[in-house]
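What follows is each chain in one-letter form.
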Amino acid sequence: MDSLEPLHAHRPSRRLFLSCCAGVAGTVLPAACTSPRADRVHRAADVDWRIHDSGPEDAVLGYSDQVSVRPGQEVTLRVSTTARGFRVLAFRMGWYDGAQARLVWRSERVPGRTQREPRTHTATRTVEADWKRTMSFGTDGWEEGAYLLRLDTDDSHQRYIPLVVRSKEAAGRTVLLHAAATWQAYNLWGGYNLYEGPDGGYRARSTVVSFNRPYDKNGAEKFLVYERAAVALAEKLDIPLAYTTGIDADRDPAVLENAAAVVVLGHDEYWTPRLRRAVTRARDAGTNVAILGANTCFRRIRLETADREPEHRPGRSVACYKSSYTHDPHFADRPDEVTTDFRHDPGADPESSLTGVLYEGYPTDAPYVVHRPGHWLFEGTGVRRGDAFDHLVGVEYDRVTPQAPTPRKLEIIAHSPLRCNGEDSHHDSAYYTVDSGAGVFAAGTMRWVEGLMAGTEENGRNHGMDRATGAFVTRTTTNLLRAFAEGPAARHRPEPEPNAHRVYPD
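Here the structure is a predicted model, which is why all the values come from computation and not from measurement.

Quick notes on the rules
- Residues numbered from 1 in each chain as written.
- Predicted model: local features only at pLDDT ≥ 70, side-chain atom pairs only at ≥ 80, totals over all residues.
- Heavy atoms only, no water.
- Helix = DSSP H or I, 4+ residues; strand = E, 2+ residues; numbered from the N terminus.
- Buried < 20%, exposed > 50% of the residue type's maximum accessible area, 1.4 Å probe, protein only.
- Areas by Shrake-Rupley, 256 points an atom, 1.4 Å probe, with all protein chains shown as cover.
- Polar contact = N/O pair within 3.5 Å; in protein donor to acceptor, adjacent residues only side chain to side chain.
- Contact = heavy atoms within 4.5 Å.
- Phe/Tyr/Trp six-rings, centres within 6.5 Å; stacked < 30°, edge-to-face > 60°.
- Pairing = 2+ DSSP bridges.
- Salt bridge = Lys/Arg side-chain N within 4 Å of Asp/Glu carboxyl O.
- Axes fitted to C-alpha atoms, helices over the stretch in contact; angles between N-to-C directions.

Engineer: Could you give an account of the overall build of the protein chain, naming the residues involved and the relevant values?
Structural biologist: Scanning the protein chain for helices and strands turns up nine helices and 27 strands. Within the protein chain, the fraction of its 506 residues that count as buried is 63%. When the accessible surface of the protein chain is totalled, it reaches about 19000 Å², and 48% of it is carbon and sulfur.

Engineer: Which residues make up the side chain of Gln115, and what are the values?
Structural biologist: Secondary-structure assignment places Gln115 in the loop between strand 8 (110-111) and strand 9 (119-121). Engagement of the side chain of Gln115 in a polar contact is seen with the backbone nitrogen of Lys132, the distance being 2.9 Å. Setting aside chain neighbours within four positions, we find Gln115 in contact with Val79, Ser80, Trp131, Lys132 and Thr134.

Engineer: Hey, could you go over the packing of aromatic side chains for me, with residue numbers and the actual values?
Structural biologist: Within this structure, the stated rule accounts for 21 aromatic pairs. When the centroid spacing of 6.4 Å and the interplanar angle of 85° are considered together, the rings of Tyr195 and Tyr270 count as edge-to-face. Taken together, the residues span a long stretch of sequence, with Tyr195 in the loop between helix 1 (180-185) and strand 15 (208-210) and Tyr270 in strand 18 (residues 270-271) at a distance of 75 residues. Residue class for Tyr195 comes out buried when judged on its relative accessible area of 9%. When its relative accessible area of 2% is taken as the criterion, Tyr270 is described as buried.

Engineer: With reference to specific residues and values, describe the pairing of strand 17 (residues 261-264).
Structural biologist: Of the two faces of strand 17, the one lined by Ala261 and Val263 and the one lined by Val262 and Val264 are each fully buried. Pairing of strand 14 (residues 174-178) with strand 17 involves four bridges; the strand directions are parallel. Paired with Leu177 across the bridge in strand 17 is Val264. When strand 17 meets strand 19 (residues 288-291), the two strands line up parallel, connected through four bridges. Within the sheet, the bridge partner assigned to Val263 lies in strand 19 and is Ala290.

Engineer: Would you mind going over the pattern of salt bridges in detail, with residue names and values included?
Structural biologist: In total, this model carries 28 salt bridges according to the counting rule given. When the shortest N-O distance is used, the salt bridge between Arg251 and Asp248 registers 3.9 Å. Of this pair, Arg251 and Asp248 both sit in helix 4 (residues 246-251), three residues apart, which is roughly one turn of that helix. Each of Arg50, Arg228 and Glu458 takes part in one network of salt bridges that share partners.

Engineer: How would you explain the pairing of strand 27 (residues 439-442) if you had to name every residue and give the values?
Structural biologist: With burial as the criterion, each face of strand 27 is covered, one bearing Gly439 and Phe441 and the other bearing Val440 and Ala442. Across three bridges, strand 19 lies against strand 27 in parallel orientation. Residue pairing for strand 27: Val289 is matched across the bridge by Val440. In this structure, strand 26 (residues 423-433) lies alongside strand 27, joined through four bridges in antiparallel fashion. Looking at strand 27, one finds that Tyr431 is bridged to Phe441.

Engineer: I'd like a description of the sheet that holds strand 21 (residues 302-304), backed by residues and values.
Structural biologist: In spatial order, the strands read 15-22-21; together these three strands make up an open sheet with antiparallel pairing. Whereas interior strands pair on both sides, the edge strands pair on one side only; in this sheet they are strand 15 and strand 21. Along the sheet, successive strands turn relative to each other by an average axial angle of 25°, direction set aside. Bridge count between strand 21 and strand 22 (residues 317-319): three bridges; the pairing is antiparallel. Bridged to Glu304 within strand 22 is Ser317.

Engineer: So what's going on with the environment of Leu61? Which residues, and what values?
Structural biologist: Along the chain, the position of Leu61 falls in strand 3 (residues 60-64). It is 6.3 Å that separates the C-alpha atoms of Leu61 and Thr81, two residues lying 20 residues apart in sequence. If we ignore the near neighbours within four places in the chain, the residues touching Leu61 are Arg78, Val79, Ser80, Trp131, Leu151, Arg159, Trp189 and Pro214.

Engineer: I'd like a rundown of unusual backbone geometry, residues and numbers included.
Structural biologist: Going from Asp345 to Pro346, the amide bond is cis rather than trans, its omega being 0°. Residue placement: Pro346 occurs in the loop between strand 22 and helix 6 (352-355). Following Tyr362, the chain continues to Pro363 via a peptide bond in cis, the omega torsion being -5°. Tracing the sequence through the fold places Pro363 in strand 23 (residues 358-369). One non-glycine residue, Gln100, lies in the positive phi region at around 75°.

As structure tokens, this is what we get:
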């Protein structure tokens, strides 16, 4: 959210060589079955997938021409490094007996070079690197899933480039929906993102951001914090999975057809209207929806194609004018596509009609308080009414707001008092069903996926959350994913007991 907004603002094993346009060969490492339900738990793991030393800011940086590819398609990288050379290692993220990754491909050494300084387009303050192509390689034998490409330089500096190897279809599977547009919205590489400019101020922010640049920090921070642990758990459960991004579901909504469930990961704020319609249609056709975060589907965006760089693929820019929406080129003639918040005019359509909850505020840090301990989602956790899990609510949160469009069969299962920006309020986790039988769960806190790592050495200190919190979130999410993988939840799990009118009386 913006700092200026108030509280209520808102296969057989084989080995082969792959050609690269830079003349670099790579090796596909031995792999087992590539079916959607492959034995991921017992596949060989690689514990050494993490970054050990990122080095100076310009030590090594890179980006891909694609947010995602299908298995077998080519990947093109554009890399800048101060080192004489580097290699690319491709890690598929998952469970792998807790190691969380498996090395599937490794390039030969690639000569390094320093690329040009980025340019900033004045009108929209859009930063683009526009670097020359460094290398391309195929993905034959790569399994569908979430990948980190790690750039390793001769002098031992490292950065990530995230990549999704997406599924062609998802019938009968649980779709993990990766939030690439949100990754890019927060990307401050080059000094600008959708929140601020070089001076740190909101007024100097970009109104359009481009994928034609590296990600800041380690190159994959948003994936690692808000998505990785959910991917690992889903693969550990060995349920049939499919993988895509919100950008791909916008381009081809059919990818969600007949899915058992769609899982919206820990921070997925930026949605196109077309993506929202696709998820809503899937829900109304019987696809369950799990929302493992907060602030979901809050910003209405538009994917644009820049004509400045013909080499780059379509939809490589994310437009979101926010409070400057009158400057959006579509303001005069296409109000339903003006890029502001979904709840705001023009074309107001609050996210709660899909999510069941409404984004309310930032920042907060509060215990997660159980309200309906007998709900099937909490089975096996041993919780009682009023049990609290410290720090699980934050840093952004949602609540049920009956005055907003709210599904009829909705049950508040956690109701957590908190304080945000000097005001008292509540966080809610909610569950509802629709006539198709689909169930929708919204965690209502941005820390839910981080909670899966609570009490471990992963992800820093996890905001002080302890092992009991990690166990609670893991069991609840396990119940959720297993149930949703079985098909429309209302057909095999108890219906919700609507209680919003009692929790929030008029």
